[in-house]
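Chain residues, written in single-letter form:
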Amino acid sequence: MLYQDTVESELLVHKPWFVASIFVVVLAVFLMVNLTGTTFGELMRPVIGDPLQSGFYGRFAIAFMIAVIFCLNVVLIGFAPLRVQIGVVWLELLLLFLAFFKSFNLSMPFIWENLPYLITQGVVTTIYVSAISLVFASLIAIVAAVAKLSSNGFAYAIASFYTSFFRGLPLLMQLYLIYLGLPQLGIVIDAVPSGILALSLCVGAYMTEIFRAGIQSIDRGQWEASRSMGFGFGLTMRRIILPQALPVIIPPMGNTFIAMLKDSSLVSVLGVWELTFLARTIGQPTFHHMEMLITAAIIYWIMSACLEVAQSRLERHLARSKVR
């Protein structure tokens, strides 16, 4: 169910056929994975004996126990309120990820030693590049979206060519063309401006279609009504069209912002000291690759989660007028 329903009271996770189906699927999946040599296999030693000598019986017993635990977990969580369900599942998944990372035998002292530098240099540079690129990409997208909605063939042709070209090339290729190609024409741009320019042009092309779709979602009659009242184009867009289009534009724009934050890692190929570049170079001399890469991954996740929270609150704020 997408919404609470007063007619259907029985939860799907409490139906026997659904629980049985989940049990069979989980059992089949873990039968294909040999977990006898893991910590879980050691926990099952009283049942299966020596895990490495247990053969198929050991694999089946481990898969059976995991399937039982998983199904019990799903059924019991179904009795809790929605917020509790979300919190419990998030906590369980987080613990599983931490256990997965622990299996790499990471050197925590090495992580704590280099974490401040990753934040003060890598994170700051990543946010700096992403924020400036976001501003320029938004400006480009607004202009290009208006041009694509224009009845002027010249403006439409330029905007459509721009969106087609920059959406059709990989971002990495655009970085190379700007940073390595332009110097052959006598135009030398440093690494950070090259990364910002490439991100702005690439993301701006995608955001152009988002702005265009959002503006077109507003009924044409409102354009005509505002113009009949003597409103100019700029005033109509600022006071009438954009405030109504923002609830449509914000969700895909939020996804684009998060994607751009992660795509900013590609500027590391230009030697920019952002998060990915530092994570790779710090761990390389001492072969602590996983320590730095996992740390950088968690930092990216935290930054993305912060953007998700901001996007969610902004969506709720803009949707207040639709609440009945």
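Each chain has its residues counted from 1, following the order in which its sequence is written. At least 70 in pLDDT is required for a residue's local features to be given in this predicted model, at least 80 for side-chain atom pairs to be given and counted, and no such filter applies to totals for whole chains, interfaces and linings, which use all residues. For the side-chain quantities, the full set of heavy atoms in the structure was used; hydrogens and water were omitted.

Draft legend 1. Here's a closer look at the side chain of S54. Take S54: it is sitting in the loop between helix 3 (45-48) and helix 4 (55-77). Throughout, a contact is declared for two residues whenever any of their heavy atoms are within 4.5 Å. Contact partners of S54, with chain neighbours within four places excluded, come to T36 and I48. Runs of E in the DSSP output that reach at least two residues are strands. Runs of H or I that reach at least four are helices, and both are numbered from the N terminus.

Draft legend 2. Structural detail: the nonpolar core. Judged by nonpolar contacts, the single largest core of 36 residues is most densely connected at Y162, L199, M207, F211, I241, I249 and M253. Elements that contribute at least two residues to this core include exactly helix 6 (108-148), helix 7 (153-168), helix 8 (171-181), helix 9 (191-216) and helix 11 (233-263). Examining the composition of this core, we find that 12 residues originate from one element, helix 9, more than from any other. When neighbours within four sequence positions are excluded, F211 is seen to be in contact with S138, A141, I142, A145, I249 and M253. For our purposes a nonpolar core is just a set of buried Ala, Val, Leu, Ile, Met, Phe, Trp, Tyr and Cys residues, chained together by side-chain atoms within 4.5 Å. Here's how the labels work: a residue is buried when its accessible area is under 20% of the maximum for its type, exposed when over 50%, partly exposed in between, all with a 1.4 Å probe on protein chains only.

Draft legend 3. Spatial organisation of the packing of aromatic side chains. Two aromatic rings, drawn from Phe, Tyr or Trp (for Trp, its six-membered ring), form a pair once their centres lie within 6.5 Å of each other, and the interplanar angle then sorts them: stacked below 30 degrees, edge-to-face above 60, tilted otherwise. Throughout the structure, instances matching the rule amount to 11 aromatic pairs. Here the aromatic rings of W17 and F18 are separated by 5.9 Å at their centres, their planes lie at 85°, and the arrangement is edge-to-face. Taken together, the ring pairs connect F23, F56, F60 and F64 into an aromatic cluster.

Draft legend 4. Broad picture of the layout of surface pockets. Computed over the protein atoms alone on a 1 Å grid, cavities are sets of points where a 1.4 Å probe fits but cannot get out and pockets are open sets with protein on both sides within 12 Å along at least five of seven lines; a residue lines them when it has an atom within 4 Å of a point. Grid points are joined across faces, edges and corners, and a volume is the space filled by probe spheres set on the points. Taken as a whole, the second largest pocket encloses approximately 360 Å³ of empty space. V146, L149, S150, I215, Q216, I218, R220, W223, E224, R227, F233 and M237 are the residues that line the second largest pocket. Contributing elements (two or more residues each) for the lining of the second largest pocket: helix 9, helix 10 (220-228) and helix 11. The element that contributes the greatest number of residues to the lining of the second largest pocket is helix 10, accounting for four residues. All residues other than Ala, Val, Leu, Ile, Met, Phe, Trp, Tyr, Cys, Pro, Asp, Glu, Lys and Arg, Gly among them, are scored as polar; the first ten of these are nonpolar and the last four charged. Among the residues making up the lining of the second largest pocket, the classes are represented as seven nonpolar, two polar and three charged.

Draft legend 5. Region of the structure containing a nonpolar patch on the surface. In this analysis, a patch consists of residues with relative accessible area above 30% that form no salt bridge, clustered at 9 Å for like charges and at 5 Å for the nonpolar side chains Val, Leu, Ile, Met, Phe, Trp and Tyr. Each accessible area value is a Shrake-Rupley result obtained with a 1.4 Å probe; residue values ignore everything except the protein chains displayed when judging cover. Between Lys or Arg on one side and Asp or Glu on the other, a salt bridge is scored when a side-chain nitrogen of the former is within 4 Å of a carboxyl oxygen of the latter. A cluster of nonpolar residues, L82, I86, W90, L91, L94, L95, L98, I298, W301 and I302, forms a patch on the protein surface that exposes about 990 Å² of accessible area. Secondary structure elements with two or more residues in the nonpolar patch: helix 5 (82-102) and helix 13 (289-318). Of all the elements, helix 5 adds the most residues to the nonpolar patch, at seven residues. Of note, L91 is situated in helix 5.

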